[in-house]
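# Results of the structural survey
Single-letter residue listing:
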Amino acid sequence: MISFDLPATFTKDFHDEEACRKMEYRQFGATDMTVSKVALGGGTLSTLFGEFDEAEAIATIHKALKVGINYIDTAPYYGQGRSEEVLGKALKTVPRSAYYLATKVGRYEKTYDKMFDYSAKKTRESVEKSLKLLGLDYVDVIQIHDIEFAKDLDIVLNECLPELEKLVKEGKARYIGVSGYPLKVLKECVERANGRLNVVLSYARNTLLDDSLKSYLEFFQKQNLAIVCAAGHAVGLLTNRGAQPWHPAGDEIKQLCQKAANICKESNIELGKLAMYHFMQLDGPATFLVGMQTRHLLDMNLSAHYSGLNKKEQEVLQLLKDTVFTKSLNWEGNELECYWAAMNKKK
């Protein structure tokens, strides 16, 4: 269900009512939440994506919330707690009624040997630490992060998920979700969980590069899941600036994206805006999650939502679709291969 009415998160003394009335809100699966079509991703609230200005990030968070974005997503892995810490600082002056917050468990450190832990013990410790950093008594959504890296799904379903269910009963979280890159793994986990999940987060699978989320939407919808569609910029690839050195995509994809960025630069157009516009055209997801660490990026992405593209931007986007992004491409397996190669060396 799509609505332009003010959501339950609207807080009169905090929000810009006129701006909020422009925002589109959607039912979040079978939950009691109605979320903004554009959501704020916390991956960029650290040096994970390069230079980071904390004061500007906090100002961006405040502006995003005031104009009606009401769903924020973060994770312990983003800056190894830094994203949650920055959000905690920003949210001190924001009414708790004004937003929904999602974080994650399961992925933690940069080093391979300490990167993933889906045990019940670590899951509880992680949630307690996240709440402390965020300065909150509870989160609205707690997600199991990048489930494809688990040795098998048994530990996700038999250790991590039951512990999260206990935390929900204790009032420390309201709903449970899963995230990951391989869609077939997300589907398998949802099937095996048999109704115990409320949210599924798919990232970089509905972009100018990759349209594979489309073929899974019906399945996720039939499961009554809230669908979070994330990373429309393909984790930085689809921007004029380009991706960080650690990006797992192969050379073919990186070269294609660089070619697209060059075309955009020649026309004085930002590839990221075109990518954002394209990203949000898919029917089915409840919200479209994007990292925005500056007010400039926030304004650009909201402009793509509210105003669409001008004639020149539309022409360049069509040119890219016709000549650069002519087939669906992904980097599935690249990260997993590196991870297990590194882990097997340690044995």
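Residues numbered from 1 in each chain as written. Predicted model: local features only at pLDDT ≥ 70, side-chain atom pairs only at ≥ 80, totals over all residues. Heavy atoms only, no water.

As recorded in an unreviewed UniProt entry, the chain goes by the name Aldo/keto reductase, listed as coming from Musca domestica.

With that settled, consider the overall build of the chain. Looking only at helices and strands, one finds 12 helices and 11 strands in the chain. Across its three principal directions, the C-alpha atoms of the chain cover 55 × 55 × 40 Å. Counting only residues that meet the buried cut, the chain has 57% of its 347 residues in that class. Within the chain, contacts between residues at least 6 apart in sequence are counted, and of these 76% link residues at least 24 apart. (Helix = DSSP H or I, 4+ residues; strand = E, 2+ residues; numbered from the N terminus. Buried < 20%, exposed > 50% of the residue type's maximum accessible area, 1.4 Å probe, protein only. Contact = heavy atoms within 4.5 Å.)

Across all of its chains, the model carries 29 salt bridges by this definition. Here Asp73 makes a salt bridge to Lys104, at a shortest N to O gap of 2.6 Å. Of this pair, Asp73 sits in strand E5 (residues 71-73) while Lys104 sits in strand E6 (residues 100-105), and the two are 31 residues apart along the sequence. For Lys104, a relative accessible area of 1% gives the class buried. In this structure, the salt-bridge partner of Lys327 is Glu252, at a minimum N-O distance of 3.6 Å. Pair noted here: Lys327 is in the loop between helix H11 (311-323) and helix H12 (334-346) and Glu252 is in helix H8 (residues 251-266), with a separation of 75 residues, a long-range link. Under the relative-accessibility criterion, Lys327 is labelled exposed at 52%. A residue is classified by how much of its surface remains accessible, and Glu252, at 44% relative accessible area, is partly exposed. If you follow the salt bridges from partner to partner, you end up with Arg124, Glu128, Glu163, Lys166, Glu170 and Lys172 in one network. (Salt bridge = Lys/Arg side-chain N within 4 Å of Asp/Glu carboxyl O.)

What follows covers the UniProt feature "domain: NADP-dependent oxidoreductase" (unreviewed entry) in the chain. UniProt records the feature "domain: NADP-dependent oxidoreductase" (unreviewed entry) for residues 38-312 in the present numbering. The span residues 38-312 is 41% helix and 15% strand, and its two end C-alpha atoms sit 24 Å from each other. (UniProt positions renumbered as here; feature names shortened; annotations may be inferred.)

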